[in-house]
Amino acid sequence: MNKKIARVVVDVALDREFDYLVPDSIGNHIHVGTRVNIPFGRTNTAGYVVGFLEQSEHAKLKEIISVIGNKSFIDEQMLELAKWMGRYYCVSIEQAIKTVLPGPVRRKGAGFRRQMFISLKNQEVQSTECPESGERKAEGKGYGHELSAKQKKVLEILKRSNTGMFLNDLVKEVGITAAPVKSLEKKGFITIIQANIRRDPFTNLTILPSQPLQLMAEQEEALRMIKECVDRTDCRDPISDVRNHQVVDTGSPTISNQQSAVGNGSSNVVLLYGVTGSGKTEVYLQAIDYVLKKGKGAIVLVPEISLTPQTVERFVSRFGNRIAVLHSHLSDGERHDEWHRINDGKANIVVGARSAVFAPVKDLGLIVVDEEHEPSYKQEEAPRYNARDVAVMRGMIENCPVVLGSATPSLESWFNARKNKYKLAKLPIRADGRKMPMMRVIDMRIETERSGHASVFSKDLLEAIRLRLERTEQTILFLNRRGYATSIICPKCGYVAKCDQCSLAYTYHRNSDELRCHICGARRQVPARCPECKDPAFKFTGIGTQRVENILLKFFPHARIQRIDSDITTSKDSYDRIFGDFRGGKINILIGTQMIAKGLHFPNVTLVGVIYADLSLHIPDFRAGERTFQLLAQVAGRAGRGEVSGEVIVQTYTPFHTAIQAARRVDFEGFCDQEIEFRRELNYPPFSHLVCLTFKGRSESSVSFCAVTLLRKIKPKLQARVIVSDVIPAPLARAKGFYRYQIMLRCSSARLITVPVSEILKTFKFPEGVSCSVDVDAINLI
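Residues numbered from 1 in each chain as written. Predicted model: local features only at pLDDT ≥ 70, side-chain atom pairs only at ≥ 80, totals over all residues. Heavy atoms only, no water.

A. Structural view of the overall build of the chain. Across its full length, the chain holds 22 helices and 33 strands. In terms of overall dimensions, the chain is globule-like: its C-alpha atoms have a radius of gyration of 30 Å, near the 28 Å expected for 782 residues. Looking at the 782 residues of the chain, the share that counts as buried comes to 54%. Taking all contacts inside the chain whose residues are at least 6 apart in sequence as the whole, residues at least 24 apart take part in 74%. Put simply, the chain has 110 plus and 87 minus side-chain charges, and the middle of one group is 3 Å from the middle of the other. (Helix = DSSP H or I, 4+ residues; strand = E, 2+ residues; numbered from the N terminus. Rg over C-alpha atoms; globule rule 2.2 N^0.38 Å. Buried < 20%, exposed > 50% of the residue type's maximum accessible area, 1.4 Å probe, protein only. Contact = heavy atoms within 4.5 Å. Lys, Arg positive; Asp, Glu negative; His and termini not counted. Charge placed at Lys NZ, Arg CZ, Asp CG, Glu CD.)

Take a look at the structure:
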């Protein structure tokens, strides 16, 4: 009888599958997705089984040495998703598999923390009175040992606990050492074993249960639409679809011109477009509850900056210990334990950031992508996947509905809904009939002319802040730039302090009195005099959140002001502490970057001030207008979420820009109509896929030459409808000491770009020190 042959991918990124014989002794334990130990060259390494063969084209095959772990880490559907990612995002299958499994899970030596666990033996423990002394004794059936008062208390506590306790918790509660407890084991009262102890990210959360809220008519309609998708997907078997190859690799599932990636053509994607404060989260919660009642699980993706305790609390309060969280603020141990809770079926609802899209939820019934437009869903390292797109593709593979929610959907998703590729549900009004905040646009050109100099605060904004302080209402001030000043300049010769490693000016941080590069992190002291002309007078130009805080303290010295940005939130509990203080009224004014713009609900905030709305408008990116509109609409949505109506004041030097005026009118659809026509004319997404090749190295001439050579090789393999740019320096031409050049390619079909690019890159010999990254459906073009 021939031995079974397994196809294995190894941890080394070779983008190849290798054939191995499966020993009879472990054959029943090896399945698709099983992690195995294999001989590879002159050493042993780990790999994953990705399939089986009847026979191999290779004559001599080595045997698999052993199985790693008790169960498979990747099932057939997740493997199908990893293979799609490898093809679509131009990475090896090994890289794709590493991406779907978090490092703390696949890392060698990763495991559970173990402690001594105490439980009562299967015996009746009862108290009796000694007739000679009048003392009470505790004895187990079949035992006649005399116990101390502390030991009696241990037994009483264990009896109340039903399931038992960890030794550390037990001795702490009783106030004893471990010795009396271990003595009870010798006397036969208890059992002591080594057990896994969960590293719980919810340890410090005290959460009261919540009940479903009464929905408005618009919410009811959105929920009905999602339920219909859930009911329809019950009729198909996703595993058979995978085996029968009904999943068609047609490219990104969110680009408008692609066909449905599921063979039958039906869409299970719902775009939930609801204004800020319209109750999208309550729709998510009730949709998840519907899925749970069908015995299925759910994944909820939230942008990293919105993944605050406030967000997690809403889900935990509704679903309790069925929730697991996965995000970058967890320790490695917490991520390891949460992943295994999901994989073992102990948690079937996952709330997390980008990588949570790969959570091993069993019988997945719903994926929710909140704030689906957020750029933070795009991974910055290979594979440069977009979690929103991967969620849609996973939904197609697993026959699972996907809900994309946003107050400002991406143009790609909106266009798909307009073309009926996605179902569209609208929530046009705020929950409980609350009004949208009134937005005022302040022309800072007039303010400058009136005062004779450029000001950080307009008179209108200062007066509005003063009124809120008088009424004990709260204010949020938004500026998407940290630091004190964006640069220091010599007024005599014009010298600007720039980072030696990056083509960017240093930012001045007043608190530490130093210059910092926000690209590579380099720091240096502020020079005592100009390095060029030796003049001692430096001028600080531009503004950051530190400067806003300092100026505000001069205007309102008695106000309780707190800044929140990445300079402040360096510790694990920074978000919890600051947002907790703000919610509790300990802070009057919160100043922050984009982390305060999304997903936060503070009913006492009645004023939002945008210090400088032009920041994102003038970057060299065709999405600049879209991002500005989204940012203004989202940050404005933090105001007026309680009983008192809100106000938003936007300061700008370009008050008549389409994005700013559309945000003022809360006119998302009108903005989209104009922006889509602009994109259509230039054949930008959603009318095409955009692939960006970025070359980098320490020698500028080598990088430029390499890019030109590669372009010369690629061009003959591209079809005529692929639009190709010349080799150009990246907008950020140098970063961390590396020179950067780019090639942009656009086409309605991603495959017409990615297939020839992948073929060329497999054989192209790069000069030493030069590398190339491929970004499919690129979002950050800087």
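The discussion continues.
B. Just the nonpolar core, in detail. If you look at the biggest cluster of nonpolar residues, it comprises 118 residues, and the most contacted ones within it are Ile74, Ile97, Leu301, Phe358, Val390 and Leu693. Sequence-distant contacts of valine 390, defined by excluding residues within four places in its chain, comprise Leu81, Trp84, Met85, Tyr89, Val357, Phe358 and Tyr385. Residues Val230, Ala287, Val302 and Ala425 belong to the second largest nonpolar core, which totals 34 residues. (Core = buried A, V, L, I, M, F, W, Y, C linked by side-chain atoms within 4.5 Å.)

C. A look at the sheet that holds strand 22 (residues 514–516). Across the sheet, which stays open at both edges, the 3 strands sit in the order 21-22-23 with antiparallel pairing between neighbours. Across the chains shown, the open sheet's two edge strands, defined by having one partner strand only, are strand 21 (507–509) and strand 23 (523–525). Going from strand to strand, the sheet's axes swing by 35° on average, the running direction of each strand aside. (Pairing = 2+ DSSP bridges. Axes fitted to C-alpha atoms, helices over the stretch in contact; angles between N-to-C directions.)

D. Unusual backbone geometry, seen in detail. Cis geometry marks the peptide bond from alanine 382 to proline 383, where omega comes out at -5°. Assignment of secondary structure puts proline 383 in the loop between strand 15 (364–370) and helix 12 (387–397). The omega torsion across proline 685 and proline 686 is 20°, close enough to zero to call that bond cis. Within the secondary structure layout, proline 686 lies in the loop between helix 20 (668–682) and strand 29 (689–697).

E. Focus on the confidence of the model for the chain. Averaged over the chain, the pLDDT score is 87; the fraction of residues at 70 or greater is 91%. This model gives residues 123–143 a pLDDT under 50, and the stretch forms 41 contacts once residues within four places in sequence are excluded. (pLDDT = per-residue confidence, 0-100.)

F. Local environment of the pattern of salt bridges. Enumeration according to the criterion identifies 38 salt bridges in this entry. In this structure, arginine 318 and glutamate 282 form a salt bridge, with 3.0 Å as the shortest nitrogen-oxygen distance. Taken together, the residues span a long stretch of sequence, with arginine 318 in helix 10 (residues 309–319) and glutamate 282 in helix 9 (residues 280–293) at a distance of 36 residues. Of the two residues, arginine 318 and glutamate 282, neither departs from the other in class, the shared state being buried. Measuring nitrogen to oxygen at the nearest pair gives 3.4 Å for the salt bridge that ties arginine 388 to glutamate 372. Residue arginine 388 is located in helix 12, and its partner glutamate 372 is located in the loop between strand 15 and helix 12; the two are separated by 16 residues in the primary sequence. When its relative accessible area of 7% is taken as the criterion, arginine 388 is described as buried. Within the structure, one salt-bridge network assembled from shared partners comprises Arg440, Asp460, Arg468, Arg471, Glu473 and Glu647. (Salt bridge = Lys/Arg side-chain N within 4 Å of Asp/Glu carboxyl O.)

G. Fine view of the sheet that holds strand 15. Spatially, the 7 strands line up as an open sheet ordered 13-14-12-15-16-11-17, and their pairing is parallel. Two strands close off the open sheet at either side, each with one partner strand: strand 13 (323–326) and strand 17 (423–427). Adjacent strand axes in the sheet meet at a mean angle of 20° when their direction is disregarded. Note: strand 12 (residues 297–301) against strand 15, 5 bridges, orientation parallel.

H. View of the packing of helix 9 against helix 10. Packing of helix 9 against helix 10 brings their axes to within 11 Å, and their N-to-C directions diverge by 35°. The two elements helix 9 and helix 10 cross, and the hand of that crossing is right-handed. Residue-level contacts link Thr281, Glu282, Leu285, Gln286, Ile288, Asp289 and Leu292 of helix 9 to Arg314, Phe315, Arg318 and Phe319 of helix 10. Of the residues contributing to the contact of helix 9 with helix 10, the split by class is 5 nonpolar, 2 polar and 4 charged. (Left-handed = near helix turned anticlockwise from the far one by under 90°. Nonpolar A, V, L, I, M, F, W, Y, C, P; charged D, E, K, R; others polar.)

I. Examining the state of the cysteines more closely. Overall, the coordinates contain 0 disulfides when judged by the stated rule. Cysteine 530 carries a free sulfur, and the closest cysteine sulfur to it, the one in cysteine 493, is 3.6 Å from it. (Disulfide = S-S within 2.5 Å.)

J. Structural context of the environment of lysine 696. Along the polypeptide, lysine 696 turns up in strand 29. Measuring from C-alpha to C-alpha, the distance between lysine 696 and arginine 740 comes to 4.5 Å, with 44 residues separating the pair along the chain. Every residue in contact with lysine 696, bar those within four places of it in the chain, is listed here: Val703, Phe738, Tyr739, Arg740, Gly769, Val770 and Ser771.

K. Inspection of helix 7 (residues 217–233) at higher detail. Between its first and last C-alpha atoms helix 7 spans 25 Å; for 17 residues at 1.5 Å apiece the expected length is 24 Å, and the two agree. Within the sequence span of helix 7, burial applies to Gln219, Ala222, Leu223, Met225, Ile226, Cys229, Val230 and Thr233. Along helix 7, the residues classed as buried sweep out an arc of 155° about the axis, all on the same side. Taken together, the buried residues of helix 7 touch strand 11 (269–274), helix 9, strand 15, strand 16 (402–406) and strand 17. (Expected span 1.5 Å × (residues − 1). Arc of directions from axis to C-beta.)

L. Region of the structure containing the packing of aromatic side chains. Counted according to the given criterion, the structure contains 20 aromatic pairs. Centre to centre, the rings of phenylalanine 18 and phenylalanine 40 are 5.2 Å apart; their planes meet at 85°, and the pair counts as edge-to-face. Here phenylalanine 18, found in strand 2 (residues 18–21), pairs with phenylalanine 40, found in strand 3 (residues 35–40); they are 22 residues apart in sequence, far enough to count as distant. Judged by its relative accessible area of 14%, phenylalanine 18 is buried. (Phe/Tyr/Trp six-rings, centres within 6.5 Å; stacked < 30°, edge-to-face > 60°.)

M. Geometry of the side chain of glutamate 647. Within the secondary structure, glutamate 647 sits in strand 28 (residues 647–652). A polar atom in the side chain of glutamate 647 sits 2.8 Å from the side chain of arginine 440. (Polar contact = N/O pair within 3.5 Å; in protein donor to acceptor, adjacent residues only side chain to side chain.)

N. Representation of the packing of helix 1 (residues 76–88) against helix 2 (residues 93–100). The contact between helix 1 and helix 2 brings their axes to 8 Å, and the two run at 130°. In terms of axis orientation, helix 1 runs oblique to helix 2. Once helix 1 is placed against helix 2, the crossing between them reads as right-handed. Taking contact as the criterion, the partners of Met78, Leu79, Ala82, Lys83, Met85 and Gly86 in helix 1 are, on helix 2, Ile93, Ala96, Ile97, Thr99 and Val100. Each residue belonging to the contact of helix 1 with helix 2 can be placed in one class, and the counts come to 8 nonpolar, 2 polar and 1 charged. (Parallel < 35°, antiparallel > 145°, perpendicular 65-115°, else oblique.)

O. Just the pairing of strand 29, in detail. For strand 29, the tally of buried residues reaches 8 of 9 residues, placing the bulk of the element in the interior. Bridging between strand 29 and strand 32 (residues 738–747) involves 9 bridges; their strand directions are antiparallel. Bridge pairing links histidine 689 to cysteine 747 in strand 32. In this structure, strand 29 lies alongside strand 33 (residues 771–776), joined through 6 bridges in antiparallel fashion.

P. Representation of the side chain of asparagine 348. You can see asparagine 348 is positioned in the loop between helix 11 (332–343) and strand 14 (349–352). Not counting residues up to four positions away in its chain, the partners in contact with asparagine 348 are Leu292, Lys296, Gly297, Ala298, Arg322 and Val361.

Q. Representation of helix 21 (residues 700–714). Here helix 21 contains 15 residues, and its C-alpha end-to-end distance of 21 Å stays within 8% of the 21 Å for a straight helix at 1.5 Å per residue. Those residues of helix 21 that fall on the buried side of the exposure criterion are Val703, Cys706, Ala707, Thr709, Leu710, Leu711 and Ile714. The inward-facing, buried residues of helix 21 abut strand 29, strand 30 (723–724), strand 32 and helix 22 (751–763).

R. Fine view of the environment of lysine 492. On the secondary structure map, lysine 492 appears in the loop between strand 20 (487–489) and strand 21. Sequence separation between lysine 492 and proline 375 is 117 residues, and the spatial gap between their C-alpha atoms is 41 Å. Not counting the four nearest positions on each side in its chain, lysine 492 is found in contact with Cys533 and Asp535.

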